[in-house]
Amino acid sequence: MSMKSKTDVIIIGGGATGCGIARDLALRGVPHYLLEEGDFARGATGACHGLLHSGARYAVSDSEAAKECIEENRILRRIGKKCIEQTGGLFVRLPGDSKKFRDRFLEKCEEVGIPTQILSPSRALEMVPSLNPELEEAVLVPDCSIDPFRLCLLNIVSSRRRGGVALIHHRVVDIVKERSRCVGVKALDLFTGQVKEIYGKIIINATGAWGDKTARLAGCDVPLTLSKGSLIITDHRLTNMVVNRLRPASNGDIIVPNEAVCVAGTTSVDVPDPDEARLEPWEMELLIQEASQLIPAFSRARIIRGYTGVRPLIRGGCEGDSRRISRSFRIIDHENGLISIIGGKLTTYRYMAEKVTDLVMDKLGLKAPCLTAEYPLEGQEELSGYPLSKRLENLNEIVCECELVGKREVEETVNRIGVRYISDIQHRTRLGMGPCQGGFCTYRALGIIHNMGRISIEESRYILKDFLQRRFRGIRPALWGAQLREEQLVEGMYLRILGLGEE
Amino acid sequence: MEEIYDVVVIGGGMAGLGAAIRLAKEGCHVAVVSRGDPILCLSTGCIDVLASGENPLNGIANLPPQHPYHLVSAEFIKEALAYFLNEIALGGLPYVGSPEENRHVLTPLGVGKTTCLVPETMAASTAEKESRIHVISFAGLKDFYPSYIMARIPATDLSVYEAGPVSTMFLATQFETDEFLERFLNWLKGTDITADRIAIPAVLGWMRALEIKRMIEEETKRPVFEIPTLPPSVAGIRLHRTLKRRALDLGIQFYLGKPIETVEMAGHLVEAVTLESMGRPTRVNGNAFILATGSFVSGGLLSQREGVTEGVFRLPVFYPPDRATWFGENFFPPEHPIEDAGVLVDEEFRPRAVEIDNLFVAGSILAYARVLRYGCGHGMAIVTGQAAASSCLKYLKVAAQGDTCSRTV
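Owing to the predicted nature of the structure, the values given are computational and were not obtained by experimental measurement.

Residue and element names in this part refer to chain A. Taken together, 3 strands build an open sheet; the order of strands is β4-β9-β5 and the sheet is antiparallel. Every interior strand has two partners, whereas the edge strands, β4 (51-52) and β5 (84-85), have only one. Two elements, β5 and strand β9 (residues 144-146), share 2 bridges in a ladder whose sense is antiparallel. Bridge pairing in β9 places Glu-85 opposite Ser-145.

Attention now moves to helix α8 (residues 234-249) of chain B. Residues and elements named next belong to chain B. For α8, built from 16 residues, the straight-helix expectation of 22 Å at 1.5 Å per residue is met to within 8% by its first-to-last C-alpha distance of 22 Å. For α8, the set of buried residues is Val-234, Ala-235, Gly-236, Ile-237, Arg-238, Leu-239, His-240, Thr-242, Leu-243, Lys-244, Arg-246 and Ala-247. Positive backbone phi, approximately 85 degrees, marks Gly-251, located one or two places after α8.

Further remarks concern the nonpolar core. Grouped together as the largest cluster of nonpolar side chains are 283 residues, with contacts concentrated most on Ile204(A), Ala20(B), Val30(B) and Ile290(B). Broken down by element, this core gets its largest block of residues, 10 residues, from helix α10 (residues 377-399) of chain B. Discounting chain neighbours no more than four positions away, the residues touching Ile204(A) are Val9(A), Ile10(A), Ile11(A), Ile12(A), Ile21(A), Ile339(A), Ile341(A) and Val356(A).

A few words now on the sheet that holds strand β8 (residues 157-161) of chain B. Residues and elements named next belong to chain B. Read across the sheet, 4 strands follow the order β8-β7-β9-β10 without closing on themselves; strand pairing throughout is parallel. Single-partner strands in this sheet number two, and they are β8 and β10 (224-227). Adjacent strand axes in the sheet meet at a mean angle of 25 degrees when their direction is disregarded.

Here we take up the interface of chain B and chain A. Taken together, the contact pairs 35 residues of chain B with 31 residues of chain A. Of all the elements in the fold, those that place two or more residues in the side of chain B that touches chain A are β5 (112-115), α4 (146-152) and β15 (301-304) of chain B. Considering every element that reaches the side of chain B that touches chain A, the biggest residue donor is α4(B), with 4 residues. When the residues that make up the side of chain B that touches chain A are grouped by side-chain class, the tally is 18 nonpolar, 10 polar and 7 charged.

On to the packing of helix α3 (residues 74-90) of chain B against α10(B), then. Residues and elements named next belong to chain B. Two elements in contact, α3 and α10, have axes separated by 9 Å at closest approach and are oriented at 100 degrees. The pairing of α3 with α10 is recorded here as roughly perpendicular in orientation. Residue-level contacts link Phe-76, Ile-77, Ala-80, Leu-81, Tyr-83 and Phe-84 of α3 to Gly-379, Ile-382, Val-383, Gln-386 and Ala-387 of α10. Its residues assigned to classes, the contact of α3 with α10 comprises 9 nonpolar, 2 polar and no charged.

On to the environment of Ile448(A), then. Residue and element names in this part refer to chain A. Among the structural elements, Ile-448 can be located in helix α12 (residues 441-451). Since 21 C-beta atoms lie within 10 Å of it, Ile-448 is described here as buried. Between the C-alpha atoms of Ile-448 and Glu-411, which are 37 residues apart in sequence, the distance is 7.5 Å. Setting aside residues no more than four positions away along its own chain, Ile-448 makes contact with Val-399, Lys-407, Val-410 and Glu-411.

Attention now goes to the domain arrangement of chain B. Residue and element names in this part refer to chain B. Here chain B is described as being made up of domain 1 (4-95 + 237-399) and domain 2 (125-222). Computed over C-alpha atoms only, the centres of domain 1 and domain 2 are separated by 35 Å. Residue-level contacts link 4 residues of domain 1 with 4 residues of domain 2. Within the side of domain 1 that touches domain 2, the residues separate by chemical class into 1 nonpolar, 1 polar and 2 charged.

With that out of the way, let us pick up the confidence of the model for chain B. The share of residues in chain B with pLDDT of 70 or more is 98%, and the mean pLDDT across the chain is 94. In the predicted complex, the global pTM is 0.89; the interface-specific ipTM is 0.93.

So, on to the domain arrangement of chain A. Residue and element names in this part refer to chain A. Each assigned domain of chain A is listed with its residue range as follows: domain 1 (2-44 + 149-223 + 315-364), domain 2 (53-61 + 77-146 + 227-311) and domain 3 (384-497). Computed from C-alpha atoms alone, the centre-to-centre distance between domain 2 and domain 3 is 29 Å. On the domain 3 side, the residues contacting the 14 residues of domain 2 number 12 residues. Counting residues per element, the side of domain 2 that touches domain 3 draws most heavily on strand β20 (residues 303-314), at 5 residues. Among the residues forming the side of domain 2 that touches domain 3, the class breakdown is 8 nonpolar, 1 polar and 5 charged.

Bringing helix α1 (residues 14-25) of chain B into the picture now. Residues and elements named next belong to chain B. An ideal rise of 1.5 Å per residue puts 16 Å on 12 residues; α1 measures up with 17 Å between its terminal C-alpha atoms. The element α1 is largely enclosed, with a buried count of 11 among its 12 residues. Among all positions in α1, only Met-14, Ala-15, Gly-16, Leu-17, Gly-18, Ala-19, Ala-20, Ile-21, Arg-22, Leu-23 and Ala-24 are buried. Where the residues of α1 are buried, they touch β1 (4-10), β2 (30-34), α3, α8, β14 (282-291) and α10. Gly-27 lies just past α1 and shows a positive phi near 100 degrees.

Attention now goes to the pairing of strand β9 (residues 197-201) of chain B. Residue and element names in this part refer to chain B. Within β9, 5 of the 5 residues are buried, which leaves the element mostly enclosed by the surrounding structure. Burial of the side chains of β9 extends over both faces: Arg-197, Ala-199 and Pro-201 are buried on one face and Ile-198 and Ile-200 on the other. As paired elements, strand β7 (residues 133-138) and β9 share 3 bridges and run parallel to each other. Residue pairing across strands places Val-135 opposite Ala-199, the latter belonging to β9. As paired elements, β9 and β10 share 4 bridges and run parallel to each other. Each bridged residue has a counterpart across the sheet, and for Ile-200 the counterpart in β10 is Glu-226. Read from β9 through helix α7 (residues 209-220) to β10, the crossover connection turns out right-handed.

Residue and element names in this part refer to chain A. Between helix α1 (residues 16-27) and helix α5 (residues 148-161), the least distance of the axes is 8 Å, while the angle of their chain directions is 25 degrees. On the basis of the axis angle, α1 is roughly parallel to α5. α1 and α5 meet at a crossing whose hand is left-handed. Residues Ala-16, Cys-19, Gly-20, Ala-22, Arg-23, Ala-26 and Leu-27 of α1 lie in contact with α5, whose contacting residues are Pro-148, Leu-151, Cys-152, Asn-155, Ile-156, Ser-158 and Ser-159.

So, how was this worked out
Residues numbered from 1 in each chain as written. Chains lettered and ligands numbered in written order. Predicted model: local features only at pLDDT ≥ 70, side-chain atom pairs only at ≥ 80, totals over all residues. Pairing = 2+ DSSP bridges. Helix = DSSP H or I, 4+ residues; strand = E, 2+ residues; numbered from the N terminus. Expected span 1.5 Å × (residues − 1). Buried ≥ 20, exposed ≤ 12 C-beta atoms within 10 Å, placed from the backbone. Core = buried A, V, L, I, M, F, W, Y, C linked by C-beta atoms within 7 Å. Contact = placed C-beta atoms within 7 Å. Axes fitted to C-alpha atoms, helices over the stretch in contact; angles between N-to-C directions. Nonpolar A, V, L, I, M, F, W, Y, C, P; charged D, E, K, R; others polar. Parallel < 35°, antiparallel > 145°, perpendicular 65-115°, else oblique. Domains from an automatic or database assignment. pLDDT = per-residue confidence, 0-100. Right-handed = clockwise from strand over helix to strand, strands pointing away. Left-handed = near helix turned anticlockwise from the far one by under 90°.

As structure tokens, this is what we get:
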């Protein structure tokens, strides 16, 4: 059985860029479909450090990028209060770090309009007591922590409220061409196995690291260099502010507080295939070592997981067929109904979406200004927020003890989005995101969903096994100490108590 | 003068308590030093001997040569398990089964867990897809979802008892009261049951479980069995309580909740361990010591990024040197080389590569035990605990020149 739909614009990819384009199109009144192979933010969007750049990191190396960052930083702080924590950030100079670089840094920040404030060691230690007490000085900048997953969801709210359709767990298997023009896509519903045909006037390839793979479906190329960046997560917050190393960008120079945890990153290694990128043991060692220089307690902190995202970097050599709008991202008009957007960063997702949508409007012969910077992200009023006090309100039946997620929240989420993958629920509730990484609560959540009659037992056992397998891949590089203990306990529970894996 | 125990057992789990009981029955003056409730309390209470194949004893013969089971004979394994079962039966917790036959008990996921010796309250357990089971659950019981069972065993019926806000521990305590039990039995009377057997999560009281099970059987005229639950696991706690009570009855002294601070040596002998306490450190002197502190989960083995260590005596520990290889790629099947980590011992259960004459090691702290992969946890702990105890006795006999122990029964 096949199903056909028609729209104006088809967006492939549910990362920040794709979701941002959906919102932009919606606010300009253009019908659209968005197709995502996994859940929202599955690629680099969800696998970054969750930093809303102030731009300071790029001030010295790329002032154009820095300028884009600080401008978007200001906009997002205004429109996205519920997915941004205004932590502020420090650039910390340790003994041996170049003073010359620090001078250039301050100069360049001023040039592009990033506000800075120099802090004495004692003042910096007052703000972040866990800092390396040996620090020479610190520079305060408006870095923030951002929840990329929420950001995507909120962008989709605007799209859906205006008739946009966003389908997750749909893999685009083909781009349909008619007289060498791209006129539609075939999308495989990964849950039902059904293939849906969607036709539109313009197709946007916003698949990040998968950009070249996607473009090839239409016989086009996207010149990408793939660079993986690995990050590690601690079981609690070691700092309430973003902490950067004040030196030229290098491995392991940042720690970002995110909700109840801290993320430290990153590395940079070229990889051939985004699906094969994994965190290597040496990266784990390096990141702990580097983070410990900024915050000594990091060396004894409990690491609960590591992960890798793949940055889609622009490769030179495609002049003529692309419009150079920024050094940091590029929009490629394949001149056949397909437009690819590559490069960029989470912080500038809105700006990238604006530029793509401008081009789309042009192509469609429509005129409407971009409004995405004018209005706050919709849907924020419905978010409870994560503060403990809020969570304690309805905690009669706690399902996830680590993140305090109640049974009602799980049920509400299932009713709202349906359930296909346990990770969809985890992303939306933070179920299983704490130290045990879902070891205990996944079995419960599936039991609840089961009782709601939403999945069959075959599905739930499959989902459980699949979840445990994927979960294990994430925590495997972090298994020593308390995390190893917990892992063996979880393994014992599933294997020796529940008998999972016996058949 | 300070008290000197014949044997100080460090670790109050299956291996440690089993060893302590055997030594006490042989007339030794025994102390058990334990940091708290052992992970035995988190277990199903079932004794896995070897969870592969139909006959654990045959399976043991085929285990790799380094496995601790190979340090003793098949006869010893049989004898040790029988001895242990007899002890807990005396303590009021009878078990059924034979080390030559595995059985499959129904789990909350609706599948059969392969195990060997089980409490009598689980004797009637079945996990056959064709079974006709009536599951009785309790409204709001967090970690028990009967739908898992009902979906795998299609003919399953379900009744849910309203007992207010519940947990497994709370229910077990409630079942011990006549009032609750009577109300439950009355409710059961009004429940239409046509299935062949009745299954209830393991919450049927603490030490009265068997009696309660029989009362329900009498009421319903059908075999009743308990389904082990996730922690807190009442069936696991029952086994621990039984062992501990048996140990206390035999005059074993317990030092609980205090971590060991120092180990005092004299030449090739351990003389004492001192325990951290609020005031003066407590010194526990012994003529011989048994180390049964378990593996990683129990805290007997400690893992850091740099490697694995043993927590009390800093004994040499065998482990795969490269941390990147500790765990296999997959959760299923669980092939994790880190499971080989542990203390290597000689035939007398003395740690290898150190010269300590009066220290014996038992349980899942032993190298190559691979408890999770083989499903041999409690069985291996019991057997090696008994074996270490008998080596220990032999040592004491020689040390005392024929006089078995300082105290006679």
